[in-house]
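Listed below, chain by chain, are the residues.
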Amino acid sequence: MNEKIIELEGIVVKKGRDILLDGINLSVLRNEFVGIIGPNGAGKTTLLNVIAGFERFTGTLKLFGQKEGWTRSRETRLRIGYVPQQLQIDKAFPILAFETVMTGVIGRLGFFRTPGREEKEKAMHLMEMMHVDHLSDRPLGQLSGGERQKVILARAIMQQPDILLMDEPTANLDIAVQKEFLNLINEIQRHEVLTLCFVTHDFTMLPDTMRRAVLLNCGKVVFDGDIDAALSKETLSKLFGYPMETFERDGRRFVSYG
Amino acid sequence: MVEHLVDVFLYLPIQRAVIACLLCGIGCSVLSVFVVLMKMPLIGVSMSHAAFAGAVLGMLLDINPFLSGFVVCLFAASVLGPISDRTDMAPENVLGIMFSLLMGVAFLGMGILTRTKAGALNLMWGSMLSLSSTDIAVLTVVTAILLCFVCLFFKEIRSILFNRQLAGASGVPARLIYYVLLFLTGAVVSSNLATVGGLLIFALLVQPGATALQLTYNLKNFFIISAASGVGACVSGLLVSYIFDLPSGASVVVMATIIFAVAYVFSPKRRFKANK
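Below, the discussion takes up the interface of chain A and chain B. How big an interface is tends to be reported as the loss of accessible area on association of its parts. With 24 residues of chain A at the interface, the matching set in chain B holds 22 residues. Going through the elements one at a time, helix H2 (74–78), strand S6 (80–83), helix H3 (97–102) and helix H4 (106–109) of chain A are the ones with two or more residues in the side of chain A that touches chain B. Among the residues making up the side of chain A that touches chain B, the classes are represented as 13 nonpolar, 6 polar and 5 charged.

So, on to the packing of helix H6 (residues 145–158) of chain A against helix H7 (residues 175–191) of chain A. Residue and element names in this part refer to chain A. At a closest axis distance of 10 Å, the pairing of H6 and H7 adopts a crossing angle of 15 degrees. With respect to H7, the element H6 is oriented roughly parallel. Here H6 and H7 pass one another in a crossing that is right-handed. Along the contact surface, H6 presents Gly146, Gln149, Lys150, Leu153 and Ile157, while H7 presents Val177, Phe181, Leu184 and Ile188.

Turning next to the environment of threonine 204 of chain A. All names here are of chain A. In this structure, threonine 204 sits in the loop between strand S8 (195–200) and strand S9 (212–217). Spatially, the C-alpha atom of threonine 204 lies 9.6 Å from that of serine 256, the residues being 52 residues apart in sequence. Residues within four places of threonine 204 in sequence aside, it is in contact with Arg253, Phe254 and Val255.

Residues and elements named next belong to chain A. Burial within helix H1 (residues 44–52) is extensive, with 9 of its 9 residues counted as buried. When H1 is considered as a whole, its buried residues turn out to be Lys44, Thr45, Thr46, Leu47, Leu48, Asn49, Val50, Ile51 and Ala52. Downstream of H1 by a residue or two, glycine 53 has a phi angle that is positive, lying close to 90 degrees.

Now for unusual backbone geometry. All names here are of chain A. Positive phi is not limited to glycine here, since phenylalanine 112 has a value of about 60 degrees. Positionally, phenylalanine 112 belongs in the loop between H4 and helix H5 (117–129). By the C-beta count within 10 Å, which is 9 here, phenylalanine 112 ends up exposed. Here the phi dihedral of cysteine 218 falls at roughly 50 degrees; this positive angle occurs in a residue that is not glycine. Checked against the element boundaries, cysteine 218 lands in the loop between S9 and strand S10 (220–226). Residue cysteine 218 is classed as partly exposed on the basis of its C-beta count, with 14 C-beta atoms lying within 10 Å.

With that out of the way, let us pick up the nonpolar core. Judged by nonpolar contacts, the single largest core of 168 residues is most densely connected at Ile36, Val101, Ala154, Leu165 and Cys197 of chain A. Valine 101 of chain A has contacts with Ala123, Leu126, Met127, Val151, Ala154, Arg155 and Met158 of chain A, leaving out every residue within four places of it along the chain.

Attention shifts here to the sheet that holds strand S4 (residues 58–63) of chain A. Residue and element names in this part refer to chain A. Judged by pairing direction, the sheet is antiparallel, and its 4 strands sit side by side in the order S2-S1-S4-S5 without closing on themselves. Unpaired on one side and paired on the other, strand S2 (18–29) and strand S5 (66–68) mark the two borders of the sheet. With strand direction ignored, the average angle separating the axes of adjacent strands in the sheet is 25 degrees. Pairing of S4 with S5 involves 3 bridges; the strand directions are antiparallel. The residue of S5 that forms the bridge with leucine 63 is glutamine 66.

Attention now goes to the pairing of S10 of chain A. Pairing of S9 of chain A with S10 of chain A involves 6 bridges; the strand directions are antiparallel. In the strand pairing of S10 of chain A, arginine 212 of chain A is matched with aspartate 226 of chain A.

A separate point is the pairing of strand S3 (residues 33–37) of chain A. Residues and elements named next belong to chain A. Among the 5 residues in S3, 5 count as buried, and that is most of the element. Side-chain alternation along S3 places Phe33, Gly35 and Ile37 on one buried face and Val34 and Ile36 on a second face that is also buried. Taken together, the 5 bridges between S3 and S8 define a ladder with parallel strand orientation. In the strand pairing of S8, phenylalanine 33 is matched with leucine 196.

Further remarks concern the environment of leucine 215 of chain B. Here leucine 215 of chain B shows up in helix H12 (residues 207–215). On a C-alpha basis, the gap between leucine 215 of chain B and serine 267 of chain B in space is 5.6 Å, while along the polypeptide they are 52 residues apart.

Calculation notes
Residues numbered from 1 in each chain as written. Chains lettered and ligands numbered in written order. Predicted model: local features only at pLDDT ≥ 70, side-chain atom pairs only at ≥ 80, totals over all residues. Contact = placed C-beta atoms within 7 Å. Helix = DSSP H or I, 4+ residues; strand = E, 2+ residues; numbered from the N terminus. Nonpolar A, V, L, I, M, F, W, Y, C, P; charged D, E, K, R; others polar. Axes fitted to C-alpha atoms, helices over the stretch in contact; angles between N-to-C directions. Parallel < 35°, antiparallel > 145°, perpendicular 65-115°, else oblique. Left-handed = near helix turned anticlockwise from the far one by under 90°. Buried ≥ 20, exposed ≤ 12 C-beta atoms within 10 Å, placed from the backbone. Core = buried A, V, L, I, M, F, W, Y, C linked by C-beta atoms within 7 Å. Pairing = 2+ DSSP bridges.

What follows is the structure, encoded as structure tokens:
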């Protein structure tokens, strides 16, 4: 169970003169749920993109024990799911919600094989799990932001990945929808064997099953450990360079400016 | 009038023009689905100008204009592909530069070309009525390859159209398919220089797709509607050009725009939004 599934060693990403990631060391175990948290511009998304294979980097990256570069084999790509920040899509775009979920399985099927009943039933089942089954034959562009994000999450699970990367999936959603989305992630974590990496800048809205936090600032890991320790007054004040207060009420965590 | 038209269809050049119309309409409008849904009209316009510049160079160097046009298209595609893959610069600017450079090269070539200026003008405006049987054969093969590609890889194409990055991340060979698509764009555009010409083909690379976008949420129907409106524009354009003695390429483009305008006015999608 203690198998290291993601290992980063001295990962550096530069864009011109800017250093986006400055020597990141990090390893993630199978089935772990890691939150990558930090202020804007800390390099959270860049870090996720390095793991996803969207970003060129220097340093050593190992996935599933194998050294990987920027370009990936199909096999590796199949094992990594990705949920982007609010997906922009034209209102008139010709794709239905159900078809969107089905696109998750296309890579796994390969050329010249059409999805059969098994895949379709699985897609429908996932849509039920995400409470969007009633929207299956609606065009994706007409769904609300929250509904669309749930469809995209179902699409990612449809791929049956071993690692699921999420880049601020709840950004721009209203609070109730955010909460619902986080509950769905908890649900997934309980049902599927998945290693989850969740990028966010909002530490008041975190899924309960996330137990480990990696705090980033200016392209460096400034904290790595238990989530409760991460969200202490001292750590957060240091991270944001601004006095912060944390308190708990009814088992929920709140953060405020000191 | 009708009898007169029937008589006209017995002439070989007219028959060829009609066949070319169908093939051109289908080929360009299938491509237009990609151009519209992947939001890459500038790639479409750059490719059509690459083909045009290549064909003019071909005339200068006494090479088959289709071949030289295709080669320059492939070159353009191999530059454009990586540029549009990069995230650290705005591809629009690079495409703008590329597009004007190619246009410049084409006109430079036309300036140098002393003998057959008429031929070069045909590459620009197309000449439906002076097509050779080779032109038709090339058009047929290219259009057939494009259609096979779309039918065989429909599910991959759907996932790439939806989101290229997500498709690639989930194991679809997105880059391979994207490059094949760029090369096919080059082939279709250069083989259609003889029909609608290098300047006007761009209209057929956008308008049929834009028309379908007004009318359907189903991707299969999207391709069909797009092809139908492309063929409709080509055929009606040719008819209008014959009847009123107008340049054929220009009539085709005007008809394509009229079809788009009608689709836009009657779009159920717009009505849906207005009611909401």
